[in-house]
Amino acid sequence: MQIAWNEFTPITSLAGGVLIGLAAVMLMAGLGRIAGITGIVAGLFSPVRGDWAWRALFTLGMIAAPLTYSQFSALPEITLDTGWLTLLIAGLLVGIGTRLGSGCTSGHGVCGLARMSPRSIVATVAFMSSGFLTVYVIRHLF
């Protein structure tokens, strides 16, 4: 394994992590809600009275952030090493896993681990293990 030192960005990565953590803390402190992105976005499609506005603003913030960033610096180039069918299948599998796991990586991995939730610890170990296994199988067995 080799590290691409010219693509190693610890400062911007740390800043991004701090911003994600700050957003999660603000949402928990302000509204008492977990920053699980899948649940937030899903709530936009099955709105509960008085619960839609904050979900819409949070989602718009996630869309506005890279657009704002692009005004000050170039966004990283996105390259896909796979086709659209593979991306579609992967997205469906992630959606199914999110439903089966009662949450996504942001809800369990960021917020749940911070709260030392046993359910989130198990879910995050399952997410990570599945990801490691998938990469190993795809890269080394196929």
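Before reading on, note that the structure itself is shown above.
Read on for an overview of the structure. (Residues numbered from 1 in each chain as written. Predicted model: local features only at pLDDT ≥ 70, side-chain atom pairs only at ≥ 80, totals over all residues. Heavy atoms only, no water.)

Concerning the nonpolar core
Then, number 1: One finds Ala-24, Leu-27, Ala-35, Ile-40, Trp-54, Phe-58 and Cys-111 forming the largest nonpolar core, which totals 7 residues.
Then, number 2: Elements that contribute at least two residues to this core include exactly helix 1 (10-31) and helix 3 (52-69). (Core = buried A, V, L, I, M, F, W, Y, C linked by side-chain atoms within 4.5 Å. Buried < 20%, exposed > 50% of the residue type's maximum accessible area, 1.4 Å probe, protein only. Helix = DSSP H or I, 4+ residues; strand = E, 2+ residues; numbered from the N terminus.)

A closer look at a nonpolar patch on the surface
Then, number 1: Taken together, the side chains of Leu-85, Leu-88, Ile-89, Leu-92, Leu-93, Ile-96 and Leu-100 make up a nonpolar region of the molecular surface, amounting to roughly 770 Å² of accessible area.
Then, number 2: As for its position among the elements, Leu-92 is in helix 4 (residues 84-100).
Then, number 3: Given the relative accessible area of 52%, Leu-92 is considered exposed. (Patch = residues over 30% accessible without salt bridge, like charges linked within 9 Å, V, L, I, M, F, W, Y side chains within 5 Å. Areas by Shrake-Rupley, 256 points an atom, 1.4 Å probe, with all protein chains shown as cover. Salt bridge = Lys/Arg side-chain N within 4 Å of Asp/Glu carboxyl O.)

A look at the side chain of Ser-120
Then, number 1: Along the chain, Ser-120 falls in helix 6 (residues 118-141).
Then, number 2: Here the side chain of Ser-120 touches His-108 through a polar contact of 2.8 Å, side chain to side chain.
Then, number 3: Beyond its immediate sequence surroundings of up to four residues, Ser-120 is in contact with His-108, Gly-112 and Leu-113. (Polar contact = N/O pair within 3.5 Å; in protein donor to acceptor, adjacent residues only side chain to side chain. Contact = heavy atoms within 4.5 Å.)

With respect to the packing of helix 2 (residues 37-45) against helix 3
Axes are the key here: two packed helices are described by the angle between their axes and the distance separating the axes.
Then, number 1: Closest axis-to-axis distance for the helix 2/helix 3 pair is 9 Å, and the angle between their directions is 120 degrees. Judged by the inter-axis angle, helix 2 sits oblique to helix 3. Crossing of helix 2 over helix 3 shows left-handed handedness. Every residue of helix 3 that contacts helix 2 at Ile-37, Gly-39, Ile-40, Val-41, Gly-43 and Leu-44 is listed here: Trp-52, Trp-54, Arg-55, Ala-56, Phe-58, Thr-59 and Met-62.
Then, number 2: When grouped by side-chain class, the residues that make up the contact of helix 2 with helix 3 number 9 nonpolar, 3 polar and 1 charged. (Axes fitted to C-alpha atoms, helices over the stretch in contact; angles between N-to-C directions. Parallel < 35°, antiparallel > 145°, perpendicular 65-115°, else oblique. Left-handed = near helix turned anticlockwise from the far one by under 90°. Nonpolar A, V, L, I, M, F, W, Y, C, P; charged D, E, K, R; others polar.)

Concerning the side chain of Thr-124
Then, number 1: Structurally, Thr-124 is set in helix 6.
Then, number 2: You can call Thr-124 buried: its relative accessible area is 14%.
Then, number 3: A distance of 2.8 Å separates the side chain of Thr-124 from the backbone oxygen of Ser-120, its partner in a polar contact.
Then, number 4: Excluding its chain neighbours within four sequence positions, the residues that come into contact with Thr-124 are His-108, Gly-109 and Leu-113.

Here we look at helix 6
The periodicity of an α-helix, 3.6 residues per turn, causes residues three or four positions apart to be oriented the same way.
Then, number 1: The first and last C-alpha atoms of helix 6 sit 33 Å apart over 24 residues, in line with the 34 Å expected at 1.5 Å per residue.
Then, number 2: Looking at helix 6, one finds that the buried residues are Ser-120, Ala-123 and Thr-124.
Then, number 3: The inward-facing, buried residues of helix 6 contact helix 5 (105-114). (Expected span 1.5 Å × (residues − 1).)

Digging into unusual backbone geometry
Then, number 1: Located in the positive-phi region is Ser-102, a residue other than glycine, with phi close to 55 degrees.
Then, number 2: With respect to the secondary-structure elements, Ser-102 resides in the loop between helix 4 and helix 5.
Then, number 3: The phi dihedral of Met-116 is positive, around 60 degrees, even though this residue is not glycine.
Then, number 4: Considering the arrangement of structural elements, one finds Met-116 in the loop between helix 5 and helix 6.

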